[in-house]
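Residues per chain, in single letters:
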Amino acid sequence: MSMNIIEKLTKELSLRKPQELSLVKLDSIISGIKLGKDKLEDIEARLVGNIKFDTEFPSFTFALATGVGKTRLMAAMIAYLYYTKGLKDFFILTPGETIYTKTIDNFTPSSKKYVLDGLTDFPMFNLITGENYTYANFGNQLFDAVNIYVFNIQKIFNERTDVEFRFHRYQETLGSSFAELLQQKDLVILMDESHRYRGVKSIKAINHLKPELGLEFTATPANENNVVYSYTLADAINDSKKALASLHDGNGAKGGYIKIPYVIARSDDYTYKGDLELVKLEDGIRRHREKKALIEEYCKNNKLPFVLPITLITTRNIQHAKDVKTMVESDDFFDGYYKDKTLLVTSESEVDSIHQLLRLEEPFPVNKNEIVIHVDKLKEGWDVKNVYTIIPFRASISRTLIEQTIGRGLRLPFGELTGVEELDSLDIISHDNFARVVAVAHEVAEGLGVKKAEKKEELKTVEIKPIENKKLWIKIPSVEARVYSSNKLEFFPIKLRLEELKKIKPKLIKADIVSRQTEEAGDIEVKEEINPVNRIVRLILLEMSEFDISFKAVLQRLVKHYLDQLQVKGKELSELVKLHEQTILNDILPQLREKLDEQTRIEYQVVDEEIPFEPYMKVVKASAVPLNKDEVSETESRGNIIEGYNKSVYPAYVFDSTQEKLLADSLEKDKTVISWVRLRNGQLPIKYIYGNYNPDFIVERKDANYLVEVKDKSKLDKKDPEVLEKAKQAEEWCKIASEATKKKWIYKLLPHTAVNRINSFDAIISSAYTVN
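Residues numbered from 1 in each chain as written. Predicted model: local features only at pLDDT ≥ 70, side-chain atom pairs only at ≥ 80, totals over all residues. Heavy atoms only, no water.

Asker: Is there a simple way to explain the environment of Trp676 in this structure?
Answerer: Relative to the assigned elements, Trp676 resides in strand E24 (residues 673-678). Measuring from C-alpha to C-alpha, the distance between Trp676 and Ile698 comes to 5.6 Å, with 22 residues separating the pair along the chain. Contacts of Trp676, omitting those with residues within four sequence positions, involve Ile474, Tyr645, Lys647, Ser648, Val649, Tyr653, Ala664, Leu667, Glu668, Phe697, Ile698 and Val699. (Helix = DSSP H or I, 4+ residues; strand = E, 2+ residues; numbered from the N terminus. Contact = heavy atoms within 4.5 Å.)

Structure below.
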């Protein structure tokens, strides 16, 4: 039953893979203990992993990186415990007012950010907070319904004696104090940012409520001994990098949950004049302006509401914050552009500033602020999706500074990665020595990138409009694609295809964290034997979004069959798997994907309309001016506005490669070509099994319309399976288009070496590769 509940919650709450696996872990823990009955020492002895509690009740930590979705996971666990155990009382504890206010909003059904939205049969519940818990009519209601309590830690301290505070004082309407009322219940306490509650007062106040179960959520656990599931910042960065690479290859971006963070450092030869603080500010705002131009392009071309990017500046004290605001709003700073676009938030801030802070994710003109300056005010729990640049002035670069800073800007403003590197990254501006920044970044998280500050020219967006002469507009049918997959996985004799794995003896590799040079340091010793099958299965579930927990049993059989071929057992197998898990995954995952692909088919259907040619945006250097196509050198052919095309649907283009410009020039000169168009990304998406494929050109001639793709010759020579799969679906699309338009459509896959401005189109396509 519990697995069915997990599948239901995963689907209805759209849980991400780390959230789903956290829920699975909770299920395995809860199924092995009796809440409210088992002694702490018995629970510790029964659980795998040497779990130790520092509370008077069983409490388990789920260590998830910021931005992955801890509040949504809380909601899922509340629903899980209600559905499976009938528990009805859930006490959410938060640190400070910021997270407290945000959490109340998250659990308010009328809110846009309601985290239980999507559940089909979760009951109405009482939402009790630090402001309304004294209401008299809660007395009986609290014993007849589901109750979600949201308090911050300061509101439950038992040492408080002020008249306003009644949490621990007798209330006649309740017949007890509110704290004593909670002690009578089967209370589950959910601690957000739980590392903040390890002080004596906090632990005492929490234990006083006598909860049956504790669930802790944090990116930086204080008690490592009760961590039962971990998805680190390094894990999240790695997954986003993989998803971004997948997007660049034309695939979907499943599995990327955060922006990829980069620390921007100065190179050793970086020179500046004057105030380093001003230089740091200017470098950060230049990156902000670059991202703003790219966001404008992305939103316009994808018909999305414009997302205004935010730069967050952390200052040393209130006076310093005011000084920085004066500098940012001066006429000398980007010509005074940020005079009415800068928000200062300190302990002295007026109510209006706080309201503006809460509206930073709202579109213009509700929010007009692009820069937020604060003094240690916006810590854990304060994060808005549109923070793209962070400029910390508080201290020299350190692990603590990065860890405290990075979480403020990791969330994805569009809900998913875009495939545009600058829009999928968060920049933290540091002008410390480059080598020191690299060392600190590697200390914080594997995969945390470091870039050198560059003095680059600013960017601007230009609008590319189609030609008014619609006789040149190529009639492109709109074709809908539906992907059908059984999404079933049955046991098959998976093979150990990498022979070298059979010969590997586990060795310990020593690596220098800065130089990345490696050397062997002897045989590896694994102190605690792992379950190698379950370890690989967990990694597969994290890696492949197609699989959820319902695939666990068949994956265990497949992985066991695979590992049996290594012909090693026990501790030696554990050592080998732990040391070479990525190599093993690289062997297993393609075989699993091939098996799923065998069951996938795509069907096309023509929609009774044509694909329109609309204006679109391109980002270019601020100094860019239109250049004539016949006067442009090969080095200038990329990234500039090039005009003068008379046969094309668009008279001007900003080309992404030299080959595109060469092919455009050839098409323009060819007398057999009636019209042509360089398709922008997303203009003609062709569905294939991994996502959408966007071909390069359409060429109209009297005999046929040609769909043209130019690819690196090395990929074609190697018969890259993804390139061939895209080509296969493009040919299928051409068949459907030919039937719909009564004119033949032909797909041509060209090596980049075949393209030049001299050859005719016939000569160029004579080098096309055959798609088998």
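Asker: How should the packing of aromatic side chains be read in this particular structure?
Answerer: Given two aromatic rings, one states the distance between the centres and the angle between the planes to describe the pair. Within the structure shown, the criterion is met by 32 aromatic pairs. Centroid distance Trp733 to Trp745: 5.2 Å. Interplanar angle 85 degrees. Geometry classified as edge-to-face. Residue Trp733 is located in helix H22 (residues 721-741), and its partner Trp745 is located in strand E29 (residues 745-751); the two are separated by 12 residues in the primary sequence. Considered together, Trp733 and Trp745 belong to a single accessibility category, that of buried residues. Grouped by ring-pair contacts, the aromatic residues Trp473, Phe613, Tyr616, Tyr645, Tyr650, Tyr653, Phe655, Trp676 and Phe697 constitute a single cluster. One cation-aromatic arrangement involves Lys259 over Tyr388; the distance from NZ or CZ to the ring centre is 4.8 Å. Over the aromatic face of Tyr337 sits the side chain of Arg289, whose NZ or CZ is 5.7 Å from the ring centroid. (Phe/Tyr/Trp six-rings, centres within 6.5 Å; stacked < 30°, edge-to-face > 60°. Buried < 20%, exposed > 50% of the residue type's maximum accessible area, 1.4 Å probe, protein only. Lys NZ or Arg CZ within 6 Å of the ring centre and 35° of its normal.)

Asker: Mind showing me how you'd approach helix H10 (residues 276-301) here?
Answerer: Note that an α-helix has 3.6 residues per turn; residues three or four places apart therefore point the same way. Look at H10: 38 Å from first C-alpha to last across 26 residues, which is about the 38 Å you get at 1.5 Å a residue. Counted residue by residue, H10 has 19 buried out of 26 residues, so it is predominantly covered. Note on H10: the residue one or two positions beyond its end, Lys303, has a positive phi of about 55 degrees. (Expected span 1.5 Å × (residues − 1).)

Asker: Can you help me understand the pattern of salt bridges in this one?
Answerer: Close approach of charged atoms lets side chains of opposite charge pair. The tally for this structure, following the rule as stated, stands at 35 salt bridges. Its salt-bridge partner being Asp427, residue Arg287 comes within 2.6 Å of it at the nearest N-O pair. You can see Arg287 sitting in helix H10 and its partner Asp427 sitting in strand E13 (residues 425-433), a full 140 residues away along the chain. Side by side, Arg287 and Asp427 carry an identical accessibility label, which is buried. Between Glu422 and Lys451 there is a salt bridge, with the nearest N and O atoms lying 3.7 Å from each other. With Glu422 in the loop between helix H13 (399-406) and E13 and Lys451 in strand E14 (residues 449-452), this pair connects stretches of sequence that are 29 residues apart. One network of salt bridges, with partners in common, ties together Arg287, Lys291, Glu421, Glu422, Asp427 and Lys451. (Salt bridge = Lys/Arg side-chain N within 4 Å of Asp/Glu carboxyl O.)

Asker: I'm lost on the packing of H10 against helix H11 (residues 318-328) in this one. Help?
Answerer: How two helices pack is summed up by the angle between their axes together with the distance between the axes. One way to put it is that H10 packs onto H11 with a least axis distance of 12 Å and a crossing angle of 60 degrees. What the angle tells us is that H10 and H11 run oblique. With respect to the hand of their crossing, H10 and H11 are arranged in right-handed fashion. When H10 is examined against H11, the residues Glu277, Leu278 and Leu281 are found in contact with a partner set consisting of His320, Val324, Met327 and Val328. When the residues that make up the contact of H10 with H11 are grouped by side-chain class, the tally is 5 nonpolar, 1 polar and 1 charged. (Axes fitted to C-alpha atoms, helices over the stretch in contact; angles between N-to-C directions. Parallel < 35°, antiparallel > 145°, perpendicular 65-115°, else oblique. Left-handed = near helix turned anticlockwise from the far one by under 90°. Nonpolar A, V, L, I, M, F, W, Y, C, P; charged D, E, K, R; others polar.)

Asker: Could you clarify how one ought to interpret the sheet that holds strand E1 (residues 59-64) in this entry?
Answerer: Backbone-to-backbone hydrogen bonds pair the strands of a sheet. The strands run either parallel or antiparallel. In spatial order, the strands read E3-E4-E2-E5-E6-E1-E7; together these 7 strands make up an open sheet with parallel pairing. This sheet does not close on itself; its edge strands, each paired only once, are strand E3 (125-129) and strand E7 (227-231). Each adjacent strand pair in this sheet contributes to an overall mean axis angle of 15 degrees, direction not counted. One ladder, built from 4 bridges, connects E1 with E7; its direction is parallel. (Pairing = 2+ DSSP bridges.)

Asker: Looking at this structure, I do not really get the environment of Gln356. What am I missing?
Answerer: Within the secondary structure layout, Gln356 lies in helix H12 (residues 351-358). In sequence terms Gln356 and Leu344 are 12 residues apart; their C-alpha atoms lie 9.9 Å from each other. Excluding residues that lie within four positions of it along the chain, Gln356 makes contacts with Leu343 and Asn369.

Asker: Looking at this structure, I do not really get the pairing of E3. What am I missing?
Answerer: For a regular strand, the rule is simple: side chains alternate between the two faces of the sheet. Across the 5 residues that make up E3, a large majority, 5, are buried. Because side chains alternate across E3, one face comprises the buried residues Phe125, Leu127 and Thr129, and the other comprises Asn126 and Ile128, equally buried. As paired elements, E3 and strand E4 (residues 146-152) share 5 bridges and run parallel to each other. The residue bridging Asn126 from the neighbouring strand is Asn147, located in E4.

Asker: Would you mind showing me how to read the packing of helix H16 (residues 532-543) against helix H17 (residues 552-564) here?
Answerer: Contact geometry of H16 with H17 gives a least axis separation of 9 Å together with a crossing angle of 120 degrees. Relative to H17, H16 is oriented oblique. When you trace H16 past H17, the crossing you get is right-handed. Residues Pro532, Val533, Asn534, Ile536, Val537, Ile540 and Leu541 of H16 touch H17, and the partners they reach there are Lys552, Leu555, Gln556, Val559, Lys560 and Leu563. The residue inventory of the contact of H16 with H17, partitioned by class, reads 9 nonpolar, 2 polar and 2 charged.

Asker: Please clarify how the nonpolar core should be interpreted in this entry.
Answerer: Considering soluble globular proteins, one finds that nonpolar side chains tend to be buried as a cluster. Counting residues in each nonpolar core, the largest one holds 138 residues, and the members touching the most others are Phe60, Phe62, Leu215, Ile540, Phe547, Leu555 and Leu592. The next biggest cluster of nonpolar side chains, apart from the first, holds 59 residues, and it includes Val462, Ile641, Tyr653 and Leu707. (Core = buried A, V, L, I, M, F, W, Y, C linked by side-chain atoms within 4.5 Å.)

Asker: Would you mind going over the sheet that holds strand E21 (residues 627-628) with me for this structure?
Answerer: The 3 strands lie next to each other as E21-E22-E23, forming an open sheet whose pairing is mixed. Each edge of the open sheet carries a strand with a single partner, namely E21 and strand E23 (652-654). Direction of pairing for strand E22 (residues 641-643) relative to E23: antiparallel, over a ladder of 3 bridges. Directly across from Glu643, in E23, lies its bridge partner Ala652.

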